[in-house]
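Each chain, letter by letter, is given below.
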Amino acid sequence: MNYTEGLAVGYKWYEEKDITPLYAFGYGLSYTSFSYRDLSVRTTKQGIEVSYEVTDTGRRAGTDTGQVYVTLPKAAGEPGKRLAAFRQVELRPGQHKRIKVTIARTASDHPLSIWDTHKDAWVTPSGTYTVEAGSSSADLLLKKSVTFRQPPLGPWI
């Protein structure tokens, strides 16, 4: 079987081809609505700490699954954004909560790394990483960038 899409699979393929699917990755139906605000992003030795506020803006209680995506620096040669974390929250009408997630450098899915065939190890490229948060891959309302000036996290063996 020949897989010609390379690394651009799933929602990344749709974005690369500029195609809007009927239901974006992470899309969910709800009887209420939510808003996102106040994104905070900072680097640590453990990875990237992300926090944001979610508010139930509707007239019913509901559950929202906020998603955090990371786009690696252009030099990494990776397609699009990666789902790096998600957190589910239950809210009453008008209620808001601050959501905190850490995109860990040691996570088994390596959200901040690429495989370096020359080093035979996972490495974290230096450069600017874009962090976005929202309710689906197509509804990312918050966006900030952080820069790693030198590879701070790896290689891992």
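Higher on the page you've got the structure.
**Observations regarding the pairing of strand β8 (residues 127-134)**
Across the 8 residues that make up β8, a large majority, 7, are buried. Both strand β3 (residues 62-71) and β8 contribute to a ladder of 5 bridges, which runs antiparallel. Counterpart to Tyr 69 in the pairing with β8 is Glu 132. Here 8 bridges tie β8 to strand β9 (residues 140-148), and the two strands are oriented antiparallel to one another. If you follow Thr 128 over to β9, its bridge partner there is Thr 147. The antiparallel hairpin formed by β8 and β9 contains 5 residues in its connecting segment.

**Details of the nonpolar core**
In terms of nonpolar packing, the biggest core is built from 28 residues, with Ile 48, Val 50, Tyr 52, Val 54, Val 68, Val 70 and Ile 103 touching the most fellow members. At the level of secondary structure, the elements contributing two or more residues to this core comprise β1 (34-44), β2 (47-56), β3, β4 (82-91), β5 (96-104), β8 and β9. Non-local contacts of Val 54, meaning those with residues more than four positions away in its chain, are made with Phe 34, Ser 35, Tyr 36, Asp 64, Val 89, Leu 91, Gln 95, His 96, Lys 97 and Ile 99.

**A few points about the sheet that holds β9**
Strand order across the open sheet formed by 4 strands is β4-β3-β8-β9, with antiparallel pairing between neighbours. The open sheet has two free edges, formed respectively by β4 and β9, since each of these has just one partner strand. Adjacent strand axes in the sheet meet at a mean angle of 20° when their direction is disregarded.

**So, the environment of Trp 115**
Assignment of secondary structure puts Trp 115 in strand β6 (residues 114-116). Excluding its chain neighbours within four sequence positions, the residues that come into contact with Trp 115 are Asp 120, Ala 121 and Trp 122.

**A look at unusual backbone geometry**
Glycine aside, a negative phi is what most residues show, and trans is what most peptide bonds show. Here the phi dihedral of His 110 falls at roughly 50°; this positive angle occurs in a residue that is not glycine. You can call His 110 buried: its relative accessible area is 15%.

**With respect to the packing of aromatic side chains**
In the structure shown here, the tally under the stated rule is 2 aromatic pairs. With a centroid separation of 5.6 Å and an interplanar angle of 25°, the aromatic rings of Tyr 36 and Tyr 52 are classed as stacked. Of this pair, Tyr 36 sits in strand β1 while Tyr 52 sits in strand β2, placing them 16 residues apart in sequence. For the pair formed by Tyr 36 and Tyr 52, the shared burial category is buried.

**Structural notes on the side chain of Gln 95**
In this structure, Gln 95 sits in the loop between β4 and β5. Look past the residues within four positions of Gln 95 in its chain and what remains in contact with it is Val 54, Thr 55, Asp 56 and Glu 90.

**Section: the pattern of salt bridges**
Evaluated as defined, the whole model comprises 4 salt bridges. For the salt bridge of Arg 98 with Asp 38, the shortest nitrogen-to-oxygen distance reads 3.2 Å. Placement of the pair is Arg 98 in strand β5 and Asp 38 in strand β1, with a sequence separation of 60 residues. The class of Arg 98 is partly exposed, set by a relative accessible area of 33%. Overall, Asp 38 belongs to the partly exposed group, its relative accessible area being 43%.

The rules we used
Counting restarts for each chain: residues are numbered from 1 in the order of the written sequence. Confidence filtering applies because this is a predicted model: local features only for residues at pLDDT of at least 70, side-chain atom pairs given and counted only at 80 or more, and all residues used for totals across whole chains, interfaces and linings. Calculation of side-chain values draws on the structure's entire complement of heavy atoms; hydrogens and water are dropped beforehand. For every residue, the accessible area obtained with a 1.4 Å probe (protein chains only) is divided by the maximum for its type, and the residue is called buried under 20%, exposed over 50%, and partly exposed between those limits. Going along the chain from the N terminus, every DSSP run of H or I of four or more residues is numbered as a helix, and every run of E of two or more is numbered as a strand. Here, any two strands with at least 2 DSSP bridges between them count as paired. Here the nonpolar core consists of buried residues drawn from Ala, Val, Leu, Ile, Met, Phe, Trp, Tyr and Cys, with membership extended through side-chain atoms lying within 4.5 Å. Residue contacts are counted whenever heavy atoms from the two residues lie within 4.5 Å of one another. Axis angles are defined between N-to-C directions and span 0 to 180 degrees, where every axis is a line fitted to C-alpha atoms and, for a helix, only to the segment in contact. Think of it this way: a Phe, Tyr or Trp ring, Trp meaning its six-membered ring, pairs with another when their centres are within 6.5 Å, and the plane angle makes it stacked under 30 degrees, edge-to-face over 60, tilted otherwise. We define a salt bridge as a side-chain nitrogen of Lys or Arg found within 4 Å of a carboxyl oxygen belonging to Asp or Glu.

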